[in-house]
Amino acid sequence: LAAPAFAQAAVGRRVLATVPVGPHPLLIAEAPIVAGSPAAGGTVADMEARVEGRVLLLTAGGRQQWCPVGTTPLAAGQELIVIVTRRGLAQVLTVTGAA
């Protein structure tokens, strides 16, 4: 039971919730896409291929898109909500430039 609390404390405010799944928690986290990051200019599928996780929500210009399809383009200034492993969160933050 301590693992989800530890995971959330370890990564600070970016983690919105933890979901215990067996011995490994999944994290629901936010990640802004930073200009010049590997994610900017790519697609949801490109990003998901590089991380242990999935994009749940894409927010851009006040509009929300739940479970965006793989061909959805990503751009600087957009905000992602993802479900990831702990390692996946580090990967997402690196790919989006939010690390």
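Residues numbered from 1 in each chain as written. Predicted model: local features only at pLDDT ≥ 70, side-chain atom pairs only at ≥ 80, totals over all residues. Heavy atoms only, no water.

(A) Quick peek at the nonpolar core. Of all hydrophobic cores here, the largest spans 20 residues; its most connected members are Met-47, Leu-74, Leu-80, Val-82, Leu-89 and Val-92. Mapped onto this core, the elements with two or more residues apiece are β2 (24-32), α2 (44-50), β3 (53-60), β5 (79-84) and α3 (86-96). Here the element with the most residues in this core is α3; it accounts for 4 residues. Ignoring sequence-local partners within four residues, the contact set of Met-47 consists of Ala-39, Val-55, Leu-74, Leu-80, Val-82, Val-92, Val-95 and Thr-96. (Core = buried A, V, L, I, M, F, W, Y, C linked by side-chain atoms within 4.5 Å. Buried < 20%, exposed > 50% of the residue type's maximum accessible area, 1.4 Å probe, protein only. Helix = DSSP H or I, 4+ residues; strand = E, 2+ residues; numbered from the N terminus. Contact = heavy atoms within 4.5 Å.)

(B) Region of interest: the pairing of β2. Two elements, strand β1 (residues 15-21) and β2, share 6 bridges in a ladder whose sense is antiparallel. Note on β2: the bridge partner recorded for Thr-18 is Leu-27. The antiparallel hairpin formed by β1 and β2 contains 2 residues in its connecting segment, where Gly-22 sits at a positive phi of about 60°. (Pairing = 2+ DSSP bridges.)

(C) Fine view of the sheet that holds β3. Spatially, 5 strands are ordered β1-β2-β5-β3-β4 in an open sheet, and the strand pairing comes out antiparallel. The open sheet is flanked by β1 and β4 (63-66), the only strands paired with a single partner. Direction aside, the axes of adjacent strands within the sheet are offset by 20° on average. Taken strand by strand, α3 contacts β1, β2 and β5, and its axis lies near 15° from that of β2. (Axes fitted to C-alpha atoms, helices over the stretch in contact; angles between N-to-C directions.)

(D) Summary view of the pattern of salt bridges. According to the stated counting rule, one finds 1 salt bridge in the structure shown. Put simply, Glu-52 and Arg-87 hold a salt bridge, and the shortest N to O gap is 2.9 Å. Here the residue Glu-52 occupies a position in the loop between α2 and β3, and Arg-87 occupies one in helix α3, the gap between them amounting to 35 residues. Of the residues examined, Glu-52 reaches a relative accessible area of 29% and is grouped as partly exposed. The class of Arg-87 is exposed, set by a relative accessible area of 56%. (Salt bridge = Lys/Arg side-chain N within 4 Å of Asp/Glu carboxyl O.)

(E) A look at the confidence of the model for the protein chain. In the predicted model, the protein chain carries a mean pLDDT of 88, and 87% of its residues have values of at least 70. Element-level pLDDT for the protein chain is lowest in helix α1 (residues 2-11), with a mean of 47, against a maximum mean of 97 in α2. Long-range and interchain partners of residues 1-10, a stretch whose pLDDT sits below 50, account for 12 contacts in this model, where long-range means more than four residues apart. (pLDDT = per-residue confidence, 0-100.)

(F) Looking closely at the environment of Gly-36. Assignment of secondary structure puts Gly-36 in the loop between β2 and α2. Gly-36 gets classed as exposed once you look at its relative accessible area, which sits at 78%. Each C-alpha atom of the pair Gly-36 and Ala-76 lies 7.7 Å from the other, and the pair is 40 residues apart in sequence.

(G) Broad picture of α3. Buried within α3 we find Gly-88, Leu-89, Val-92, Leu-93, Val-95 and Thr-96. Projected down its long axis, α3 carries its buried residues within an arc of 165°, all on one side. Residues of α3 that are exposed and point over 90 degrees away from its buried face: Arg-87 and Thr-94. Of the residues flanking the end of α3, it is Gly-97, one or two places downstream, whose phi is positive at about 80°. (Arc of directions from axis to C-beta.)

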